[in-house]
Amino acid sequence: MATLGNITFYADDPQVLARFWASVFGYPPMEWEDPLRQQLLDSGLTTDDLNNRGLAEDPEGVGPRLFFHHADGPKSGRNRLHIDVTATRDPGDEAALDAEKDRLVALGATVVRLVEQRWGPWPERYYQMQDPEGNEFCLQ
């Protein structure tokens, strides 16, 4: 038996991407604050080391914990894994879905396309989007 640990992103700017995803899920922004900051610095880490990591965590421990690590190069190609974000709405409430899309765009996301199709008997309508560093995710 296993449990989900972190969902980890490589990022050009881990702190910025952590704040974006924290805002998506309504998590409080996480900073390396004292006494943890001082403990990390006393252990031999540098300020640059701290800047090369970011965290977005549900304070209630219910939602996923997202960890951001500095990438060693720019992103290229499509993700092999992506996150599906579900807008809080009643089924079929397209205005609420569009409002959530607009909220995420205001946070720095971009819309790639609107997908409207059927998968067998089920209709699908969702936005394919990208976070500020180009990582793909879907909003349904």
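Residues numbered from 1 in each chain as written. Predicted model: local features only at pLDDT ≥ 70, side-chain atom pairs only at ≥ 80, totals over all residues. Heavy atoms only, no water.

## What to know about the pattern of salt bridges
For the coordinates displayed, the defined rule picks out nine salt bridges. R125 is the salt-bridge partner of D98, the closest N and O atoms lying 3.6 Å from each other. Remark: R125 occurs in strand β6 (residues 122–130) and D98 occurs in helix α4 (residues 94–107); sequence separation between them is 27 residues. With a closest N to O distance of 3.0 Å, R125 and E116 form a salt bridge. It is possible to trace a salt-bridge network through shared partners that takes in R89, E94, D98, E116 and R125. (Salt bridge = Lys/Arg side-chain N within 4 Å of Asp/Glu carboxyl O. Helix = DSSP H or I, 4+ residues; strand = E, 2+ residues; numbered from the N terminus.)

## Points about the packing of aromatic side chains
The way to describe two aromatic rings as a pair is by their centre distance and the angle between their planes. Evaluation of the coordinates by the stated rule reveals seven aromatic pairs. Taking the centre distance of 5.0 Å and the plane angle of 70° together, the rings of W21 and F137 count as edge-to-face. Taken together, the positions of W21 in helix α1 (residues 14–25) and F137 in strand β7 (residues 136–139) put the pair 116 residues apart, joining distant regions of the chain. The buried category is assigned to W21, whose relative accessible area is 1%. In this structure an aromatic cluster arises from ring pairing among F9, F20, W21, F25, Y27, F68 and F137. (Phe/Tyr/Trp six-rings, centres within 6.5 Å; stacked < 30°, edge-to-face > 60°. Buried < 20%, exposed > 50% of the residue type's maximum accessible area, 1.4 Å probe, protein only.)

## Let's talk about the packing of α1 against α4
In contact at an axis separation of 10 Å, α1 and α4 are set at 160° when each is read in the N-to-C sense. The angle between α1 and α4 places the two elements in the roughly antiparallel class. As α1 runs across α4, the sense of the crossing is right-handed. For the pair α1 and α4, the contacting residues are F20, S23 and V24 in the first and E100, R103, L104 and L107 in the second. Taken together, the residues that form the contact of α1 with α4 break down as four nonpolar, one polar and two charged. (Axes fitted to C-alpha atoms, helices over the stretch in contact; angles between N-to-C directions. Parallel < 35°, antiparallel > 145°, perpendicular 65-115°, else oblique. Left-handed = near helix turned anticlockwise from the far one by under 90°. Contact = heavy atoms within 4.5 Å. Nonpolar A, V, L, I, M, F, W, Y, C, P; charged D, E, K, R; others polar.)

## Section: α4
The terminal C-alpha atoms of α4, which comprises 14 residues, lie 20 Å apart, in line with the 20 Å expected from a rise of 1.5 Å per residue. For α4, every residue scored as buried is listed here: L97, E100, K101 and L104. Considered in projection along α4, the buried side chains sweep an arc of 105° and stay on one side of the axis. Across from the buried face of α4, at angles greater than 90 degrees, the exposed residues are A95 and A106. Tucked inside the fold, the buried residues of α4 contact α1, β5 (110–119), β6 and β7. One or two positions beyond α4, positive phi appears at G108, with a value near 125°. (Expected span 1.5 Å × (residues − 1). Arc of directions from axis to C-beta.)

## Quick notes on the nonpolar core
Core analysis: the largest hydrophobic core is formed by 22 residues, its most contacted members being W21, F68, F137 and L139. Looking at this core, the elements with two or more residues in it are β1 (6–11), α1, β3 (65–70), β4 (83–85), α4, β6 and β7. Broken down by element, the residue count for this core peaks at six residues, all from α1. (Core = buried A, V, L, I, M, F, W, Y, C linked by side-chain atoms within 4.5 Å.)

## Describing the sheet that holds β3
Strand order in the open sheet made by the three strands is β1-β3-β2, with mixed pairing throughout. Edge positions in the sheet fall to β1 and β2 (53–56), since each has one partner strand and no second. Shown here is a sheet whose adjacent strand axes are inclined to one another by a mean of 20°, direction ignored. Of the pairings in the sheet, the one linking β2 to β3 comprises four bridges and is antiparallel in character. Bridging across to β3, G54 finds its partner in F68. Contacts from α1 reach β1, β2 and β3 within the one sheet, and its direction differs from that of β2 by about 5°. (Pairing = 2+ DSSP bridges.)

The analysis is restricted to geometry; functional conclusions fall outside its scope.
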